[in-house]
Amino acid sequence: MSDAGTPIPGWAEKVAEGLGVGPHVVVAGISTSGHIHAGNLREVLVGEAVANALRARGEEVRFVFHADTIDPLRKIAPGVPESFERFIGHSLSRVPDPEGCHVSYAEHFLSPFEEALREMEMDIEVLRSHELYESSLYTGVTREAMERERELRGILQEASGRAMPEHWSPYMPRAASGDLTGNRVLEHLPDESKVLFVDRGGNEGAADYSEGEGKLGWRVELAARWKALGVTFEAFGKDHTSRGGSTDTADRMAREVFHYPVPGRYEYEWIGIKGRGDMSSSRGIVLLPRDLLEIMPPDALRRMVLGRDPARRSDLELGEGFPRFMDEYRTSKGEPFVPFNHLLTVAQTVGGDLEAAAVMLERGGYGEAARDTERLARDLARARNWAEKWAPESMRLRVLTQEEAREAASELDGEQREYLAAVAGALRPEMDGETVQDLLYSAAVERGLKPKKAFAAVYTVLLGKKSGPKAGPFVAGLPVEMVRERFSM
Ligand SMILES: [Zn+2]
């Protein structure tokens, strides 16, 4: 279904081959403590490519997005009011939405990402961790963790080289205040699935872990989750896989405590934005998946974010190299397409006028594209968005108003004016782009005018610039009456 036309990349095929016979559960896990940016998308796309590669091998696959909604709020995200400090330590699913538009803080950041996944027609199940805890998915592994606290503690101490706090517990019960982080576990009641604890204020309480009244600490949860969901593959960013990092401890916990085989793994590198550096929520360089879907179709986004090999760092090319990327992407699809630069000219010339765009494309020699109006509307909107937000100044076009054109025309000399008048007289509505190009050229030659100077006159009265897109198709796309008027000023 999703991405059906895109070939499975070689690296994903190799991973799938190594995973062997299923059934398989591929998981991507992402925090909902702030914007889920396009860099995070790489993790999901690596999972998707591997899931697709497994499916292509005839394997049964469940592809899961584990949204960490039960996690405690650690630090308020940029732009969130300071008053939210009082929710630090509370589950993200229980903190209010800072903007009031969703049911929780977690949902406020998860929802746009989920919407982007839907728009990409990704075959993925989005699971919210607070719901998994509430529906008892973690009950068995929590009991195991509580019973083997000593071994878990030992693994963490060895990995960090530091003694764990005396009252450390793999489980974080939720106090009546909502706080998950400041409580001390006193006793485990395995038959009742409960832990007894004392909170910061000295109040005693009981948390039923089969009801989601708390959660496992993050490092333990990672290993426990593999077992609870039956995970066979998970991709990790380089920050997790360093020595003593979270995958190091989770691997040992899986083997030695939960007796669960360590899932297959792929380490991916970060992506940046060309010319702007790494993407980072904390430094405010955040690009959301929807910002990218605004300028390119989902499969182009997959291609760009994954790069040739996600184990290598890559930079998203959203500036002047973007048109070439789009043309390469279209070429790889093997379908006829309008070169991006031409589409860009059309999009910026006609605005939202689909009929005018179709005429302009037809006369430019791209009649086939002009007839698929639904796709054309989407492509034009994306090209327009790119022009507005990312295009370098030299690629931005705006056809001058009559007033502006009159002023621009005052720069022209007599030869140029005569040339434009001659073209205006010969121009016919039925001429296509190439014919107009010939006309513009031959009219200059006939008058002994250098073509460069002639074309500069054309661009001056239409765009207020000395150069622009290929003149023939551009002029052919504009209403003939308008061109005649501008050429006779
Ligand atoms: Zn919201």
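Parameters and conventions
- Residues numbered from 1 in each chain as written.
- Predicted model: local features only at pLDDT ≥ 70, side-chain atom pairs only at ≥ 80, totals over all residues.
- Heavy atoms only, no water.
- Donors = N, O, S within 2.8 Å, 3.2 Å for Na, K, Ca; no water.
- Tetrahedral: all angles 85-135°; square planar, octahedral: opposite > 155°, others 65-115°.
- Buried < 20%, exposed > 50% of the residue type's maximum accessible area, 1.4 Å probe, protein only.
- Helix = DSSP H or I, 4+ residues; strand = E, 2+ residues; numbered from the N terminus.
- Pairing = 2+ DSSP bridges.
- Axes fitted to C-alpha atoms, helices over the stretch in contact; angles between N-to-C directions.
- Polar contact = N/O pair within 3.5 Å; in protein donor to acceptor, adjacent residues only side chain to side chain.
- Patch = residues over 30% accessible without salt bridge, like charges linked within 9 Å, V, L, I, M, F, W, Y side chains within 5 Å.
- Areas by Shrake-Rupley, 256 points an atom, 1.4 Å probe, with all protein chains shown as cover.
- Salt bridge = Lys/Arg side-chain N within 4 Å of Asp/Glu carboxyl O.
- Lys, Arg positive; Asp, Glu negative; His and termini not counted.
- Charge placed at Lys NZ, Arg CZ, Asp CG, Glu CD.
- Contact = heavy atoms within 4.5 Å.
- Core = buried A, V, L, I, M, F, W, Y, C linked by side-chain atoms within 4.5 Å.

> Summarise the coordination of the zinc ion; cite the residues concerned and give the values.
Donor atoms from the polypeptide that bind the zinc ion are Asp97 (OD), Cys101 (SG), His102 (ND1) and His108 (ND1), placed at 1.9 to 2.2 Å. Each of the four donor atoms bound to the zinc ion contributes to angles spanning 106 to 111°, and the resulting shape is tetrahedral. Summarised as a motif, the one-chain spacing of the donors to the zinc ion is D-x3-C-H-x5-H. Exposure remark for Cys101: the relative accessible area of 47% places this residue in the partly exposed category.

> Can you break down the pairing of strand S9 (residues 233-237) residue by residue, with the values?
Counting buried positions over the five residues of S9 gives five, a clear majority of the element. Across the two faces of S9 the burial is the same, with Phe233, Ala235 and Gly237 and Glu234 and Phe236 all buried. For strand S1 (residues 24-31) and S9, the ladder comprises two bridges, and the chain directions are parallel. Looking at the pairing, Val27 lines up with Glu234 of S9.

> Report on the sheet that holds strand S7 (residues 204-208), specifying residues and quantitative values.
In space, the three strands of this open sheet follow the order S5-S6-S7, with antiparallel pairing throughout. Looking at strand neighbours, the two that pair on one side only are strand S5 (184-189) and S7, the edges of this open sheet. For this sheet the average axis-to-axis angle between neighbouring strands, irrespective of direction, equals 25°. Bridge count for S5 against strand S6 (residues 194-198) is five bridges, and the pairing is antiparallel. Within the sheet, the bridge partner assigned to Val185 lies in S6 and is Phe197.

> Run through the side chain of Asp299, naming residues and quoting values.
As for its placement among the helices and strands, Asp299 is situated in helix H10 (residues 298-306). At a separation of 2.9 Å, a polar atom in the side chain of Asp299 contacts the side chain of Arg302.

> Any details on a negative patch on the surface? Residues and values, ideally.
A cluster of like negative charges, contributed by Glu131, Glu134, Glu211 and Glu213, occupies part of the molecular surface. Summarising the element assignment, Glu213 is placed in the loop between S7 and strand S8 (214-216).

> Run through helix H12 (residues 340-350), naming residues and quoting values.
Burial within H12 is extensive, with 10 of its 11 residues counted as buried. Buried within H12 are the following residues: Phe340, His342, Leu343, Leu344, Thr345, Val346, Ala347, Gln348, Thr349 and Val350. Contacts from the buried residues of H12 go to helix H11 (322-333), helix H13 (354-364), helix H15 (373-389) and helix H20 (471-477). Phi for Gly351, located one or two positions after H12, is positive at around 65°.

> Summarise the nonpolar core; cite the residues concerned and give the values.
Counting 106 residues, the largest nonpolar core has Val44, Phe65, Met296, Leu318, Phe322, Tyr419 and Leu462 as its most contacted members. No other element matches helix H2 (residues 38-56), which puts 10 residues into this core. The contacts of Phe65, once residues within four sequence positions are left out, are Ala28, Ile30, Val44, Leu110, Phe113, Ile124, Glu125, Val126 and Leu127. Grouped together as the second largest cluster of nonpolar side chains are 38 residues, Ile70, Tyr133, Tyr171 and Phe236 included.

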